[in-house]
Amino acid sequence: MTLLACAVSQLSLDFLNKTPNQSTFQKLQFNLTQQQISACIGRNGLGKSLLMQVLHFQRTSMLPYSGEILWQLPHAYLAQLKRVDEENTIADALGITEMHHAFMRIEAGTASFKDFDLTENQWHLPAQWSAQLAQAKLPDNLNFPVELLSEGQKTKLALCALFLKPDHYLLLDEPSNHLDAESRTWLMNSLKTHPAGALVISHDRTLLNQAHHIYALNEYGLQHVSGNYNDYVQQHELQYEALERRTVQQKRELKQMKVKQHETLMKAQKRERSGKQLRSSNSQAPILLDFKKEQAGQTLSGVQKQQQKQMEEKQTLLNAAQKQLEHFKQQQFKFQHHAVKTGKILRIDQLTLPFGTERPLCFSLNAGDKIHLQGCNGSGKSTLLKLLKQQAQAVNPHIYLAVKPIYLDQNFSNLQPEHSVLDNLSLFNPKLPALEWRNQLGQLRIRGDRPEQPLSRLSGGEKLKMALLGLNFWPENIELLLLDEPENHLDIESRELLAQAIAEYTGAVILVSHDADFVTQCGIEMHWDIESRKR
């Protein structure tokens, strides 16, 4: 028997600064089931994260939604970007600080009666905490500061806090972002065994294929497919083919209607000429001819009105089908920068990282080389990229760098969330006019009034597209791209677009990614494990 976790009815989200008759989503109706994994997919910017926020926070979210949300059990939420508070300890992030301190005082012999009351019948918890952290391969010191963890470790810590709530239905916004391959396996196993069930927003095909239900959010609503992502793709392709056939058929029928309308007009003109000839020959009474003319005119008018109505209805159907096909139109993005230098552009000799692996690093890179930087969460991959980025300002004697690199980090730290999209883009290249920025944004499906909106209003995927676009129009030629998990937040189609752009880029690339399929699509065959001497 399928148990209901949440029933959603007539859910709409409308922002006041949207254009007339436009909303983020309208009248969504669906159910979430317990003990099963559901997944929400869709292009960047359609409102998936907003939908999840509405489901979790409801009226406290301050989002302008309408509709009914009925939860049958408690629920917990993982945000897309800010996973944990960096000022906290691991115990704080797990939400166990008070209990942890009580156990510490009992162990130290300084406990109060309140501590014993708090921990009564809870003696199993410390072992449970340790087991959860060990499975996630996180430090078992509950007083360990969160700020010293990598982005992947922070994500795992936030997930651990949720998995410690077996009775809560989980709402997870891109939970596999920043996780290495081993951690993604841990995530999927944890989701499968989580008793209450979960709704996951993700663009990770491997994770999506673990789902029991797919909810695809698009411009026309929410499509539900029972099954995993492969099942959805198969059904989606059939629907697209049917839409193409319907569009061709409607064009054919509209053309036939126009031909028929033209034939009707020609026949009417022929009758009119015949009537004039009869009138001039005086072979019939004028009153009879006038009656026939009036009757023919009324018949013609009725036929023309009917034909015009049918054509308008057919044109409306054709426009709707063509509009749906327009949403399948491919995005366009290509790096304009190129390689100029030749030979060795980067050499690292016996470099010790301040965080991560303790092994001294030795590595070199030639112009035009593309390499996949590997390593588990916390091994120092992002730390190394940051050191390379800072080389121009703080010269490290263990690093030789012949070109100026550009670094795109995981958290868009160089962007101004309170400023508009256009204002942020002008920081990259102030000489490029707003109209050109708009044209470029449109090719990445950031259209309408979105360029004027604060950057904070964009989805994670849209922010990344904007950052990549800004880098693409950087006034100085870029010969080395430092990309720290750039596929995070991007929808599946946009990942493929970025991978193609990286593959065609003639400059050098150091790519951090935990998505093997994405690395392959980028055409990268060189790999370097930061924790190994092998390359």
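Attention here is on the structure that accompanies the text. Since the model is a prediction, treat every value here as computed from it, not as a measurement. (Residues numbered from 1 in each chain as written. Predicted model: local features only at pLDDT ≥ 70, side-chain atom pairs only at ≥ 80, totals over all residues. Heavy atoms only, no water.)

Another aspect to go through is the overall build of the protein chain. Helix and strand counts for the protein chain come out as 16 helices and 17 strands. Expressed as a percentage of the 535 residues in the protein chain, the buried residues total 47%. Once local pairs closer than 6 in sequence are excluded, the contacts in the protein chain between residues at least 24 apart make up 72%. (Helix = DSSP H or I, 4+ residues; strand = E, 2+ residues; numbered from the N terminus. Buried < 20%, exposed > 50% of the residue type's maximum accessible area, 1.4 Å probe, protein only. Contact = heavy atoms within 4.5 Å.)

Here the focus is the side chain of Arg495. Mapped onto the secondary structure, Arg495 falls in helix H15 (residues 492–504). Judged by its relative accessible area of 7%, Arg495 falls in the buried class. Looking at Arg495, its side chain comes within polar contact range of the main-chain oxygen of Glu487, at 3.3 Å. In this structure, Arg495 is in contact with Asn177, His203, Asp204, Glu487, Leu490, Asp515 and Phe518, ignoring residues within four places of it in sequence. (Polar contact = N/O pair within 3.5 Å; in protein donor to acceptor, adjacent residues only side chain to side chain.)

The end-to-end C-alpha distance of helix H6 (residues 151–163), which contains 13 residues, comes to 18 Å, matching closely the 18 Å that a straight helix rising 1.5 Å per residue would cover. For H6, the buried fraction is high: 13 of the 13 residues fall into the buried class. (Expected span 1.5 Å × (residues − 1).)

What helix H12 (residues 421–428) keeps buried is the set Val421, Leu422, Asn424, Leu425 and Phe428. Viewed along the axis of H12, the buried residues span an arc of 160 degrees, placing them on a single side of the element. On its buried face, H12 is in contact with helix H13 (434–442) and helix H14 (460–472). (Arc of directions from axis to C-beta.)

If you look at the biggest cluster of nonpolar residues, it comprises 47 residues, and the most contacted ones within it are Leu94, Leu157 and Leu191. The element contributing the most residues to this core is H6, with seven residues. When neighbours within four sequence positions are excluded, Leu191 is seen to be in contact with Ile37, Phe163, Leu172, Ala198, Val200 and Leu207. Within the second largest apolar cluster, 39 residues are counted, among which are Leu468, Tyr505, Phe518 and Cys522. (Core = buried A, V, L, I, M, F, W, Y, C linked by side-chain atoms within 4.5 Å.)

Positive phi values are uncommon outside glycine, yet Asn121 reaches one of about 65 degrees. Position of Asn121 relative to the elements: it lies in the loop between helix H4 (113–119) and helix H5 (125–135). Here Glu485, not a glycine, exhibits a phi torsion of approximately 50 degrees, which is positive. A relative accessible area of 5% means that Glu485 is categorised as buried.

Further remarks concern the side chain of Ser176. Positionally, Ser176 belongs in the loop between strand E6 (169–173) and helix H7 (181–193). We classify Ser176 as buried; its relative accessible area is 3%.

This part covers the sheet that holds strand E1 (residues 4–13). With antiparallel pairing, the three strands of this open sheet are ordered in space as E2-E1-E4. Of all the strands in the sheet, the pair left with one neighbour each is strand E2 (25–33) and strand E4 (65–71). Across the sheet, the mean angle from the axis of one strand to that of its neighbour is 5 degrees, orientation sign disregarded. Pairing between E1 and E2: six bridges, direction antiparallel. Across the sheet, Leu11 pairs through a bridge with Leu28, a residue of E2. (Pairing = 2+ DSSP bridges. Axes fitted to C-alpha atoms, helices over the stretch in contact; angles between N-to-C directions.)

The geometry of H6 relative to H7 is characterised by a closest axis approach of 12 Å and an angle of 15 degrees between their N-to-C directions. With respect to H7, the axis of H6 lies roughly parallel. Helix-helix and strand crossings are classified by hand; for H6 and H7 the assignment is left-handed. Counted together, Lys156, Leu159, Cys160 and Phe163 of H6 and Ser183, Trp186, Leu187, Ser190 and Leu191 of H7 form the full contact between these two elements. (Parallel < 35°, antiparallel > 145°, perpendicular 65-115°, else oblique. Left-handed = near helix turned anticlockwise from the far one by under 90°.)

Overall, the coordinates contain ten aromatic pairs when judged by the stated rule. Their ring planes at 80 degrees and their centres at 5.4 Å tell us that Phe57 and Tyr77 sit as a pair that is edge-to-face. Here Phe57 is found in helix H1 (residues 48–57), whereas its partner Tyr77 is found in strand E5 (residues 75–78), with 20 residues between them in sequence. With relative accessibility at 36%, the residue Phe57 sits in the partly exposed group. Relative accessible area serves as the criterion here: at 17%, Tyr77 is assigned to the buried category. Among the aromatic residues, ring-to-ring pairing joins Phe103, Trp123 and Trp129 into one connected group. (Phe/Tyr/Trp six-rings, centres within 6.5 Å; stacked < 30°, edge-to-face > 60°.)

To continue, consider the sheet that holds strand E13 (residues 399–401). Ordered in space as E11-E10-E13, the three strands form an open sheet in which the pairing is antiparallel. Both outer strands of the open sheet, strand E11 (361–366) and E13, are each paired with one neighbouring strand and no more. Pairwise comparison of adjacent strand axes, ignoring direction, gives a mean angle of 5 degrees for this sheet. Sitting on the sheet, helix H11 (residues 381–389) is in contact with strand E10 (344–351), E11 and E13, with an inclination near 120 degrees to E10.

With respect to the helices, strands and loops of the structure, His56 is situated in helix H1. It is 7.2 Å that separates the C-alpha atoms of His56 and Ala76, two residues lying 20 residues apart in sequence. With near-sequence residues (within four places) excluded, His56 lies in contact with His75, Ala76, Tyr77 and Leu171.

With that settled, the discussion passes to the pattern of salt bridges. As enumerated under the stated definition, the model contains nine salt bridges in all. Linking Glu452 and Arg438 is a salt bridge whose minimum nitrogen-to-oxygen distance equals 1.6 Å. Separated by 14 residues along the polypeptide, Glu452 in the loop between H13 and H14 and Arg438 in helix H13 bring together distant segments of the chain. For Arg438, a relative accessible area of 28% gives the class partly exposed. Among the salt bridges present, the one from Arg495 reaches Asp515, with a minimum N-O distance of 2.8 Å. Here Arg495 is found in helix H15, whereas its partner Asp515 is found in the loop between strand E16 (508–512) and helix H16 (516–521), with 20 residues between them in sequence. (Salt bridge = Lys/Arg side-chain N within 4 Å of Asp/Glu carboxyl O.)

Our next topic: the pairing of E1. Within E1, seven of the ten residues are buried, leaving the element largely enclosed by the surrounding structure. Note that E1 and E4 share six bridges and pair antiparallel. From the neighbouring strand, Cys6 faces E4, where its bridge partner is Trp71.

Treat this as a map of the structure, not an account of what it does.
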